[in-house]
Amino acid sequence: MVRQQQSTPLPASNDGADLINLHVCRRMKTKRVLRTMSQERLAKAIGISYQQLQRYESGKSRLPCSMLFRAALALEVPITYFFEQIEEDHSTTSELTLDKSVVVAVKKIQSLSAGDTRQSLLRLIDDLARSPTPSRGPA
Amino acid sequence: MASGRDLILDDTGRVWRTGSQALMASLHIGRRDYDLTRYVIRNLGFVRFRTIRGDARVTLHPRFLTRPAFESLIHLLVSHDCDRTIIERADVPNHIEIIPGVEDAAARLADLATAGGQLTRADFYREELSLRRLRDDRRLSALSAVMRRWRSTQGELRGDFAATFGDPALRGRAMVIRFTGDLRGVVEYAGDGFTCFDPSWRSSVLGHDMSEQPDPQYGQRIAAAYVETHIAQSPRLEFVEAVIRVPGCSARRSRYERLLLPWRRDGATFVSAVSVLRTSFATASSM
C-alpha cells in the first residue's frame, strides 16, 4: 500500500484553529519540554513574554514565521523539525492513510451481496494481511 | 481534546493503533493468540498511550523506554493536552502514579527511564521565572499572599516568623535565613513541611549555616539563590528540580517553585524562601 501524498492543505479543525499552526506550535512545545527549558527562557530567546508563548503553545495565537525562525535557533533544531510528522499527526497514527484505490475497493466489496463470494473475499484479504511481511513497519 | 485514544508507540517512536493488523504485520505476527499489547510493553519497550476522560494513561516498562519512544510520547502528551498523566508501570504491578502537567510527566518518565541507561536527567536544575506567574497561576496563590505581605510592609519583618510564614496554605514549606556581614547565612526559621528531612532536622538546623542540610550537595546548590536575592535585594521566583539524598532514606526527585524575598528587621537582613511542591518521587535508581 502506498502512502497517499498530501495534495491539499490540511483543513481547519472544528473550532476554526489552523491545524498546521497547531501542529507547529505543539512541536515547539514538545521540543521545549524535551530540552527542559522553561517558557520564560524560550520566550526570552525569541523576544516575547512567556504569556505570549503560552498563547502560541496552546494554538490560541498564530505563530509568525519570524518567531518560528527564532524558536528554531533557540531550540537548536532545523526549521523543518516543526513540520515533521504533520501527516501522521493529522491521521492520528503512523499507520497508512487510505489509498484512494483501497477506498474504491472497499466500496465495491460493500456492494457485493453478503453471500459466499463476499465472505470468501474477506477471508482471502484476512489471510493475506496475516501473512508475514518481509520488512518491519509500513512500506 | 479527543477522547478514547488507544495507541501503541514502538521503540522507534512510531504510533500505532493498539491491536491493529498493521502493528501485528510489522511484528511478523500472523495470529494473535496471546496478549500482544502486554507482550510488546513488557519485552520490546513499547508504550501504550490511552486517553480516558481528560487523563492520559501511559503504560510502559521504564527500563526499556528508548529515546525515540520517549520523545514521541511527550509529543502525544503535548498534543492531547491532558489534565493529568497516569503512569502505569509494567515492572511494578498494581502501582500507578498520577502527575499533573506535561512537564512534570516528562520529568518523571525521564527519571524512571534512567534506570535503563537510554535517558539521563540532571540531578539539579533551577531557573528564574517571571514574577507575573504569581498573578497568573492559581497554584502559586500561597506564594502570592507572601508577596503581597512583603509589598505592604515594604520588606519590614513584623512580629515573629510564624506570623508571616506560618500560613497553613504554605504547608510549612518556608525558610528564613539571616545574613551576616560576610554573606554567610544562618537559618532563623524552618517550617515543618519539609517531609523529606528527619523531623528533628527542623529544630537542629536553627542557627546553623544555610547550606548545612542533610544532603550537603543540595544544600550548597540551593544556598546560592539566597545569596543572589540578598545581593539584589529584590524578589525572585524560581523553579527548582533537585534530587535530594538523605542518608537512610530513598533519594527523591522534587520539583517545586519557590519565592525568595529580602527582608529586614532591627538592622538585620533576612531572605525568606517559600515554595510550592509540584511533584516528589523516589528516584528510579533508589527504588
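Residues numbered from 1 in each chain as written. Chains lettered and ligands numbered in written order. Predicted model: local features only at pLDDT ≥ 70, side-chain atom pairs only at ≥ 80, totals over all residues.

Participant: Hey, could you run me through the confidence of the model for chain B in this one?
Facilitator: Keep in mind that low pLDDT regions are not for reading the predicted coordinates in detail. All names here are of chain B. This prediction gives chain B a mean pLDDT of 89; 97% of its residues lie at or above 70. Highest mean pLDDT in chain B belongs to strand 4 (residues 55-60) (96); lowest belongs to helix 8 (residues 201-204) (76). Our summary of model confidence lists the complex with pTM equal to 0.79 and ipTM equal to 0.86. (pLDDT = per-residue confidence, 0-100. Helix = DSSP H or I, 4+ residues; strand = E, 2+ residues; numbered from the N terminus.)

Participant: I'm lost on the domain arrangement of chain B in this one. Help?
Facilitator: Interfaces are often described in size by the accessible area the parts lose on coming together. Residue and element names in this part refer to chain B. Domains assigned within chain B are domain 1 (6-116) and domain 2 (124-286). Domain 1 and domain 2 are separated by 36 Å when their C-alpha centres are compared. Opposite the 10 residues of domain 1 that make contact, domain 2 presents nine residues. Every element with two or more residues in the side of domain 1 that touches domain 2 is listed here: strand 6 (96-100) and helix 4 (102-113). Tallied by class, the residues present in the side of domain 1 that touches domain 2 amount to five nonpolar, one polar and four charged. (Domains from an automatic or database assignment. Contact = placed C-beta atoms within 7 Å. Nonpolar A, V, L, I, M, F, W, Y, C, P; charged D, E, K, R; others polar.)

Participant: What exactly am I supposed to notice about the sheet that holds strand 8 (residues 174-179) of chain B here?
Facilitator: Residues and elements named next belong to chain B. Spatial ordering of the open sheet is given by 7-10-11-12-8-9, a layout of six strands whose pairing is antiparallel. Pairing within the sheet leaves two strands with one partner each, and these edge strands are strand 7 (124-129) and strand 9 (185-190). Averaged over all pairs of adjacent strands, the angle between strand axes in this sheet comes to 25°, irrespective of strand direction. Looking at chain direction, strand 11 (residues 252-265) and strand 12 (residues 268-282) are connected through 14 bridges and run antiparallel. Residue pairing in the sheet places P262 in a bridge with V271 of strand 12. (Pairing = 2+ DSSP bridges. Axes fitted to C-alpha atoms, helices over the stretch in contact; angles between N-to-C directions.)

Participant: Hey, could you run me through helix 3 (residues 67-80) of chain B in this one?
Facilitator: Since the α-helix packs 3.6 residues into each turn, any two residues three or four apart lie on the same face. Residue and element names in this part refer to chain B. The end-to-end C-alpha distance of helix 3 is 20 Å, a good match for the 20 Å that 14 residues give at a rise of 1.5 Å each. Every buried residue of helix 3 is listed here: A69, F70, S72, L73, I74, H75, L76, L77, V78 and S79. Directly beyond the C-terminal end of helix 3, a positive phi value near 45° is found at D81. (Expected span 1.5 Å × (residues − 1). Buried ≥ 20, exposed ≤ 12 C-beta atoms within 10 Å, placed from the backbone.)

Participant: Which parts of the structure should I look at to understand the confidence of the model for chain A?
Facilitator: When pLDDT is averaged along chain A, the result is 76; 68% of the residues meet or exceed 70. Segment residues 133-139 of chain A is flagged for pLDDT under 50; beyond a separation of four residues in sequence, or across chains, it makes 10 contacts in the model.

Participant: What should I look at first to understand the packing of helix 1 (residues 19-34) of chain A against helix 3 of chain B in this one?
Facilitator: Describing two packed helices takes the angle between their axes plus the distance from one axis to the other. Remark: helix 1 of chain A packs on helix 3 of chain B, axes separated minimally by 9 Å, with the N-to-C direction vectors making an angle of 125°. Here helix 1 of chain A is positioned oblique relative to helix 3 of chain B, judged by the angle of their axes. For the pair helix 1 of chain A and helix 3 of chain B, the crossing hand works out as right-handed. Contact residues: A:R26, A:K29, A:T30, A:V33 and A:L34 in helix 1 of chain A; B:E71, B:I74, B:H75, B:V78 and B:S79 in helix 3 of chain B. Grouping the amino acids of the contact of helix 1 of chain A with helix 3 of chain B by side-chain chemistry returns four nonpolar, three polar and three charged. (Parallel < 35°, antiparallel > 145°, perpendicular 65-115°, else oblique. Left-handed = near helix turned anticlockwise from the far one by under 90°.)

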